[in-house]
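Descriptive analysis of the structure
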Amino acid sequence: RPPRSTPKPSSAASDVYKRQVGLGVDAIAMMGHPGNDALMPLAKQAAEKGILMTYQNVDPAEVRARFGGGYVGANLATQGRALAKEAIRQFGLKSGDHAIVMVPIGDYSRAQREDNVRIAFEEHGMEVVVLDGTPEYATDPNSAIPVISAALAANPESKILVHTGGQMLGNAETFALAAGYGPNELLQIGFDTSPQVMSGFVNGFVHLTSDQQPFLQGYLPVLSLCQMKVMGLGALNQDTGAGFVTTENYESVMSLANAGLR
């Protein structure tokens, strides 16, 4: 099982954050991926300068508890568990079935989503193999081909492969073909929508994804910060993990996904 290790601070994200604080801006909307440890001193600096903060996509709950700020994005742990339960329901997965779940092991605040897929599968009695879904794969999904192919070769009884995000799920066709699987021969599920994920649905290589509504994750934090600054309103907290895109309904969201709105 993935260790609850402390993530290393993201130097690039921290540098950007520091520059914005140094510029004396009124408010900052910040992705929470660097994690609580990396963001805590930066949030302290912002608070001392009176800079309003809100966070997106990954919730640094400890930072918000200490220095305030809202969060717009999915509740990661809830979202992961919900995806697993939906997969069990849709695909009739049973106790004893085998799954491969990619989990970003080195960053547990971020990994809660995928790890709760694992937990829900195991509670259902399934056998789960965990692969390290390192965030670097998102920048080059093809770099994960050897790892995924080896895992599938070593576990040929696997019925379902769970990916870490839209970049990986969007590469589902490549992963399947590289490992010798044709359309609909291996269930592949994950998170996010994109033109590549929609193509995966069309071609029979993507079967379920949890829609995080990323447009809202970009729009609502800016709206919230403006309201906080101009009108003195409280920080907005919004769970954007609204539902699922499936083989039955993907056509209804395809145009929006291809336009970058879903």
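Above this note sits the structure.
About the criteria used
Residues numbered from 1 in each chain as written. Predicted model: local features only at pLDDT ≥ 70, side-chain atom pairs only at ≥ 80, totals over all residues. Heavy atoms only, no water. Buried < 20%, exposed > 50% of the residue type's maximum accessible area, 1.4 Å probe, protein only. Helix = DSSP H or I, 4+ residues; strand = E, 2+ residues; numbered from the N terminus. Pairing = 2+ DSSP bridges. Right-handed = clockwise from strand over helix to strand, strands pointing away. Axes fitted to C-alpha atoms, helices over the stretch in contact; angles between N-to-C directions.

Another point: the pairing of strand β4 (residues 98-103). Along β4, 5 of the 6 residues are buried, which leaves the element largely enclosed by surrounding structure. Relative to strand β5 (residues 127-132), β4 runs parallel, the two being bridged by 6 bridges. Looking at β5, one finds that Met102 is bridged to Leu131. Viewed along the sheet, the connection from β4 through helix α5 (residues 108-123) into β5 turns out right-handed. Bridging between β4 and strand β6 (residues 158-162) involves 4 bridges; their strand directions are parallel. Paired with Ala99 across the two strands is Ile160, which belongs to β6.

The next subject is the sheet that holds β4. If you walk across this open sheet you meet the 6 strands as β5-β4-β6-β7-β8-β10, and the pairing is mixed. For this open sheet the edge positions go to β5 and β10 (243-246), each flanked by a neighbour on one side alone. When strand polarity is set aside, the average angle formed by the axes of neighbouring strands in this sheet is 20 degrees.

The two faces of the sheet receive side chains in turn, since in a regular strand these alternate between them. For strand β7 (residues 187-191), the tally of buried residues reaches 5 of 5 residues, placing the bulk of the element in the interior. Neither face of β7 is open: one carries Leu187, Ile189 and Phe191, the other Gln188 and Gly190, and all of them are buried. Two strands pair when backbone bridges link them, and β7 and strand β8 (residues 208-211) are joined in this way by 3 bridges, in the parallel orientation. Its bridge partner being in β8, Phe191 is matched across the sheet by Ser210. In terms of handedness, the path from β7 via helix α10 (residues 195-203) over to β8 forms a crossover that is right-handed.

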